Amino acid sequence: MSLESKSIFQMEKEIADLRELLRSKEQELRVLKECEGSKTHLSVEKLSKDDIERFSRQIIIPSIGVKGQQLMKGASVLIVGAGGLGCPAAQYLTGSGIGHIGLVDYDEVDRSNLHRQLLHSQENIGVSKVSSAAEALRRLNSNVRISEHSLQLDSSNALNIVQQYDVVIDATDNVATRYLLNDACVISGKPLVSGSALRLEGQLTVYNHHQGPCYRCIFPKPPPPETVTNCGDGGVLGAVPGVIGVLQALEAIKIVLGWTGVLSGQLLLFSGEQSTFRNIRLRAKNPSCDVCGDHPLITKLIDYEQFCGAKATDKESGLSLLKQEQRVSPETLHRSFICKNEGIVIDVRDSEEFNMCALPNSINIPLKKLEEVTTIQKIKEILDSRKKNEENFPVYVLCRRGNDSQRAVLKLEQSLGNENVAVCDLEGGLHAWARAIDSSFPIY
Amino acid sequence: MAPQQQQEVEVVVQQQQQQQQGERGAAAVSLRVLLFAGARELAGTAEGVLTGVPARTDVDHLLRRVTEAFSLGAMSGAFILALNHDYVMPGDQVRVRDGDELAVIPPLSGG
Ligand SMILES: [Zn+2]
């Protein structure tokens, strides 16, 4: 390490330590202020000079007024998920003067979050999302009480947390947590403002509000996991969850204010591509709904990962479809393919991902194209030109994280059965490659 | 039109004859189909047309037809249908006109 890079490293560490110190000092100060505040407050809901100056622009709206602002000051909203939806929702709720905001997230800030989760700054990569978001929100308005729940919401803790708030916002990124939150809100009698986004599309509705339907009334059966795409795999344009998250804040405020125009029993479909909003009128509450019906089967929280057949995160866990001899490590691939120029490498990611970053001389054939006869023909032609009469010619298959590559190996073994090839996948995918072989390779 | 569909249409016509005097229940119409979220992915398109739909039909028939026409078998039971912006429930009878909009809506779960 050069002298310069050493001192840069040292200084970065010092700054990180100072930030940590600042965070704990701020926490201390907050506790002190809260003690002080509880002694002097006559009424929580009475508007202060700061409140009036700060919120004057919304207080003068006749349908809000001082009374509405007081309702907001006395209200509490729980935001589950401090990501693409939760950040804008939290920002507008804090700005509007909701008195108490709860944040739930188990995750840490990652560089790939920054394009859409705008409460998190790049200095906070690796910091828990909840404390990163709370820090940013306190900078917006230090009078708002922010409760940090840095945990994975599950059946053991959900009811206890949900019951502490008036309104719940579903800003999560997976099916299992959506059913969990729905059931927890039905059991606790809380309205649930549900938003979701992927690529250029968004959906928004309010469940369990004033005898309206719940998530299970509309979607009693969870989607098969293989038909569910998350933002990590499908991508998402930051402004799209931005739109939906802001609308979630608006619906939560309307519920707090007791307005009638709440998006309950209706589903809003947003197309960022066409700039259209479509309002679908939903069914009424289903009297035979498993959780909110007349004779509910679900009266306490269940195992939602089992119910949905999927994990309660947006991170795909490691599949294990192959035998160990069908898998190679990054080191083996490096030695064989890069150093000795043995075999071919098939990259089964989509072409958009392949164009971002790929191994030199790898061939891009997206997983979904492996079914096509013409694709297999193309692979056979490549093999003919490369392998001559070699026995067990290596065909290495890779993807981002080593799951799709296993699915691809199974397909290729069938279609290349007579080709005298050894089809293997790169265990752990390009993520493992970046960690073990090439630290300049992007991990996305 | 497939013989089986013809039969269904006739059954519907017979059932409706008394209350729908003079109406041509046997007419088949085309629906404009909009596919959202995962349905769009499975179908490989955001929009399509469903032809030969009986003007009086039921939601289960519509479900079967869109599932078949847009290869939605993998998510059967996990999406809803909206006819001209109104949710329609399996088991319901519906009346459709030429050019009506049928939306196929699975839940979106990302965020
Ligand atoms: Zn329900």
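So, how was this worked out
Residues numbered from 1 in each chain as written. Chains lettered and ligands numbered in written order. Predicted model: local features only at pLDDT ≥ 70, side-chain atom pairs only at ≥ 80, totals over all residues. Heavy atoms only, no water. UniProt positions renumbered as here; feature names shortened; annotations may be inferred. Helix = DSSP H or I, 4+ residues; strand = E, 2+ residues; numbered from the N terminus. Buried < 20%, exposed > 50% of the residue type's maximum accessible area, 1.4 Å probe, protein only. Areas by Shrake-Rupley, 256 points an atom, 1.4 Å probe, with all protein chains shown as cover. Lys, Arg positive; Asp, Glu negative; His and termini not counted. Charge placed at Lys NZ, Arg CZ, Asp CG, Glu CD. Contact = heavy atoms within 4.5 Å. Core = buried A, V, L, I, M, F, W, Y, C linked by side-chain atoms within 4.5 Å. Axes fitted to C-alpha atoms, helices over the stretch in contact; angles between N-to-C directions. Left-handed = near helix turned anticlockwise from the far one by under 90°. Nonpolar A, V, L, I, M, F, W, Y, C, P; charged D, E, K, R; others polar. Donors = N, O, S within 2.8 Å, 3.2 Å for Na, K, Ca; no water. Tetrahedral: all angles 85-135°; square planar, octahedral: opposite > 155°, others 65-115°. Domains from an automatic or database assignment. Arc of directions from axis to C-beta. Phe/Tyr/Trp six-rings, centres within 6.5 Å; stacked < 30°, edge-to-face > 60°. Lys NZ or Arg CZ within 6 Å of the ring centre and 35° of its normal. Buried area = accessible area lost by both parts, 1.4 Å probe. Salt bridge = Lys/Arg side-chain N within 4 Å of Asp/Glu carboxyl O. Polar contact = N/O pair within 3.5 Å; in protein donor to acceptor, adjacent residues only side chain to side chain.

Looking up chain A in an unreviewed UniProt entry gives the name Adenylyltransferase and sulfurtransferase MOCS3 homolog, with the organism given as Frankliniella occidentalis. Looking at chain A in UniProt, the text filed under Sequence similarities (unreviewed entry) is "In the N-terminal section; belongs to the HesA/MoeB/ThiF family. UBA4 subfamily." The Subcellular location (unreviewed entry) comment attached to chain A in UniProt states, word for word, "Cytoplasm, Cytosol".

Enquirer: Looking at this structure, I do not really get the overall build of chain A. What am I missing?
Expert: Assigned secondary structure in chain A consists of 16 helices and 13 strands. Within the span of chain A, comprising 444 residues, buried residues form 51% of the whole. Surface summary for chain A: the accessible area is close to 22,200 Å², and the carbon and sulfur share equals 53%. With 50 positive and 55 negative side-chain charges, chain A shows a spacing of 4 Å between the two charge centroids.

Enquirer: Help me out: how do you make sense of the overall build of chain B in this one?
Expert: Each helix and strand in chain B was counted, giving three helices and seven strands. Expressed as a percentage of the 111 residues in chain B, the buried residues total 47%. Of the contacts made within chain B by residues no fewer than 6 positions apart, 60% connect residues no fewer than 24 positions apart. When the accessible area of chain B is evaluated, it comes to approximately 5,400 Å², of which 44% is carbon and sulfur surface.

Enquirer: What is the right way to look at the nonpolar core in this model?
Expert: Generally speaking, a soluble globular protein has its nonpolar side chains buried in company with each other. Residue and element names in this part refer to chain A. Counting residues in each nonpolar core, the largest one holds 42 residues, and the members touching the most others are Ile 79, Leu 93, Ile 98, Ile 101, Leu 103, Ile 169 and Val 193. Looking at this core, the element that brings in the most residues is helix α10 (residues 239–257), giving nine residues. Judged by nonpolar contacts, the second largest core, of 36 residues, contains Ala 158, Ile 161, Val 162 and Ile 280.

Enquirer: How do you make sense of the packing of helix α2 (residues 49–59) of chain A against helix α3 (residues 65–73) of chain A when you look at a structure like this?
Expert: All names here are of chain A. Running from amino to carboxyl end, α2 crosses α3 at an angle of 120°, the nearest separation of the two axes being 10 Å. The handedness of the crossing between α2 and α3 comes out as right-handed. Of the residues in α3, those in contact with Asp 51, Phe 55, Gln 58 and Ile 59 of α2 are Gly 65, Val 66, Gln 69, Met 72 and Lys 73. Residue composition of the contact of α2 with α3, grouped by class: four nonpolar, three polar and two charged.

Enquirer: Would you mind showing me how to read the coordination of the zinc ion here?
Expert: Ideal values for angles at a metal depend on the geometry: 109.5 degrees with four tetrahedral donors, 90 or 180 degrees with six octahedral donors. Residues and elements named next belong to chain A. Within the protein, the zinc ion binds to Cys 214 (SG), Cys 217 (SG), Cys 289 (SG) and Cys 292 (SG); these donor distances fall in the range 2.3 Å. Its four donor atoms give the zinc ion angles of 92 to 118° at the centre, a pattern that matches the tetrahedral case. If you list the donors of the zinc ion from N- to C-terminus, the spacing comes out as C-x2-C-x71-C-x2-C. Of the two residues, Cys 289 and Cys 292, neither departs from the other in class, the shared state being buried.

Enquirer: I keep staring at the domain arrangement of chain A and nothing clicks. Help me out?
Expert: Where interface size is quoted, it is often the accessible area lost as the parts come together. Along its sequence, chain A is carved into domain 1 (75–308) and domain 2 (324–437). Look at where the C-alpha atoms of domain 1 of chain A and domain 2 of chain A centre, and you get two points 39 Å apart.

Enquirer: Any chance you could explain helix α12 (residues 330–339) of chain A here in plain terms?
Expert: For an α-helix, the turn length of 3.6 residues means that residues three or four places apart are oriented alike. Residue and element names in this part refer to chain A. For α12, the complete set of buried residues consists of Pro 330, Leu 333, Ser 336 and Phe 337. Looking straight down α12, one finds its buried side chains confined to an arc of 140°; they lie on one side. On its buried face, α12 is in contact with β9 (327–328), β10 (344–347), β12 (393–398), β13 (421–426) and α16 (429–436). Downstream of α12 by a residue or two, Asn 341 has a phi angle that is positive, lying close to 55°.

Enquirer: Whenever I open this one, unusual backbone geometry confuses me. Can you help?
Expert: Phi at Ser 71 of chain B takes a positive value of approximately 50°, unusual for a residue other than glycine. Positive phi is not limited to glycine here, since Asn 84 of chain B has a value of about 45°.

Enquirer: I keep staring at the packing of aromatic side chains and nothing clicks. Help me out?
Expert: Aromatic ring pairs are described here by two measures, namely the spacing of the ring centres and the angle between the planes. All names here are of chain A. Per the stated rule, a full pass over the model turns up five aromatic pairs over all chains. Taken together, the aromatic side chains of Tyr 179, Tyr 207, Tyr 215, Phe 219 and Phe 307 make up a single cluster linked through ring pairs. A cation over a ring is seen here: Arg 216 above Phe 307, with NZ or CZ 4.5 Å from the ring centre.

Enquirer: Looking at this structure, how should I read the side chain of Asn 124 of chain A?
Expert: Topologically, Asn 124 of chain A is positioned in the loop between β2 (100–104) and α5 (129–140). In this structure Asn 124 of chain A comes out as buried when scored by relative accessible area, which is 3%.

Enquirer: Explain the interface of chain B and chain A to me, please; I cannot follow it from the model alone.
Expert: With 25 residues of chain B at the interface, the matching set in chain A holds 35 residues. Both sides of the chain B and chain A interface together cover about 2,600 Å² of buried area, and 58% of this is carbon and sulfur. Contact with chain A buries surface across chain B, with Leu 108, Ser 109 and Gly 111 of chain B losing the most and accounting together for 26% of the total. Linking chain B with chain A are four salt bridges, by the criterion used here. Between Arg 278 of chain A and Glu 101 of chain B there is a salt bridge, and its shortest N-O distance comes to 3.1 Å. Connecting chain B to chain A are 14 residue pairs in polar contact (both at pLDDT 80 or more). The greatest single-element share of the side of chain B that touches chain A, amounting to three residues, is contributed by helix α2 (residues 37–43) of chain B.

Enquirer: Mind showing me how you'd approach the UniProt feature "binding site: ATP" (unreviewed entry) in chain A here?
Expert: Residues and elements named next belong to chain A. As annotated by UniProt and renumbered to match this structure, "binding site: ATP" (unreviewed entry) occupies Gly 84, Asp 105, Ser 112, Asn 113, Leu 114, His 115, Arg 116, Lys 129, Asp 173 and Asn 174. Relative to the helices and strands, His 115 resides in the loop between β2 and α5. Ignoring any residue separated from it by four or fewer positions in sequence, one finds His 115 in contact with Val 236 and Gly 238. Reaching out from His 115, the side chain makes a polar contact with the backbone oxygen of Ser 112 at a distance of 3.5 Å.

Enquirer: Hey, could you run me through the pattern of salt bridges in this one?
Expert: Residues and elements named next belong to chain A. Taken as a whole and judged by the stated rule, the model has 27 salt bridges over all chains. Glu 20 is the salt-bridge partner of Arg 23, the closest N and O atoms lying 3.4 Å from each other. Of the two residues, Arg 23 and Glu 20 are both situated in helix α1 (residues 3–40); the distance of three residues between them amounts to about one turn of the helix. Residue Glu 135 pairs with Arg 139 through a salt bridge whose shortest N-O separation is 3.4 Å. Of this pair, Glu 135 and Arg 139 both sit in helix α5, four residues apart, roughly one helical turn. Classification of Glu 135 as buried rests on a relative accessible area of 19%. A single salt-bridge network, built from bridges that share partners, covers Glu 20, Arg 23, Glu 135 and Arg 139.

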